[in-house]
Amino acid sequence: MQLDGVPMTVSGVGKDKTSGNKLHLNGEYNGHTFDIFMCHFQNGSIQVKNGQTVTAGQTLAKVGSTGHSKGPHLHIETKIDGRAVDPKRFYKMLGVPTVAERERQKAQQPAAPQQPQPAPEAAQQPVSGDKVPSLNRIWEEQD
Ligand SMILES: [Zn+2]
């Protein structure tokens, strides 16, 4: 149930008292919308601009504790079609590996040189039909 390849675009960069430094990303695939909200980033650390398309593995900003936060943490809210989805499931669908998975991948190829970054075009190629998740199944699993 992968949705690897959905282009995500920066749709908002800002700062407020509650969230501190914040980022909105969104993407659209097959008539569905995918939204990511993240906040509490370190001052001056956001490395992307409004309208920019981002890819898996790209550094967007540095985890911090700005806004109403009692310690450094990455605050993430993820939605599909405006409905909240567990971020772990959301990122898995978008093909973003977890930190543990990335560490495992690194450990498996210690001598290999750095993998070249995929070309931006590659991230925008349409996803093949059999990779489309059943959103109904996601809701059932979650509720
Ligand atoms: Zn938070």
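Everything below is about the structure shown above.
It should be emphasised that the depicted structure is a prediction, and the values quoted were computed from it without experimental measurement.

Enquirer: Mind laying out the overall build of the chain, listing which residues take part and the relevant values?
Expert: Within the chain, the regular secondary structure consists of 4 helices and 6 strands. Ordered by position in the sequence, the α and β elements of the chain form the string β-β-β-β-β-β-α-α-α-α. Burial statistics for the chain: of 143 residues in total, 16% are counted as buried. Across the chain, every contact between residues at least 6 apart in sequence was considered, and the portion connecting residues at least 24 apart equals 58%.

Enquirer: For the environment of Ala 84, give the residues involved together with the corresponding values.
Expert: Among the secondary structure elements, Ala 84 is positioned in strand 6 (residues 83-85). A count of 12 C-beta atoms within 10 Å places Ala 84 in the exposed class. Look past the residues within four positions of Ala 84 in its chain and what remains in contact with it is Glu 77 and Lys 79.

Enquirer: Describe unusual backbone geometry, listing the residues and the values that go with them.
Expert: Glycine aside, the phi torsion of most residues is negative, and most peptide linkages are trans. Here His 40, not a glycine, exhibits a phi torsion of approximately 75 degrees, which is positive. Topologically, His 40 is positioned in strand 3 (residues 32-41).

Rules used throughout
- Residues numbered from 1 in each chain as written.
- Predicted model: local features only at pLDDT ≥ 70, side-chain atom pairs only at ≥ 80, totals over all residues.
- Helix = DSSP H or I, 4+ residues; strand = E, 2+ residues; numbered from the N terminus.
- Buried ≥ 20, exposed ≤ 12 C-beta atoms within 10 Å, placed from the backbone.
- Contact = placed C-beta atoms within 7 Å.

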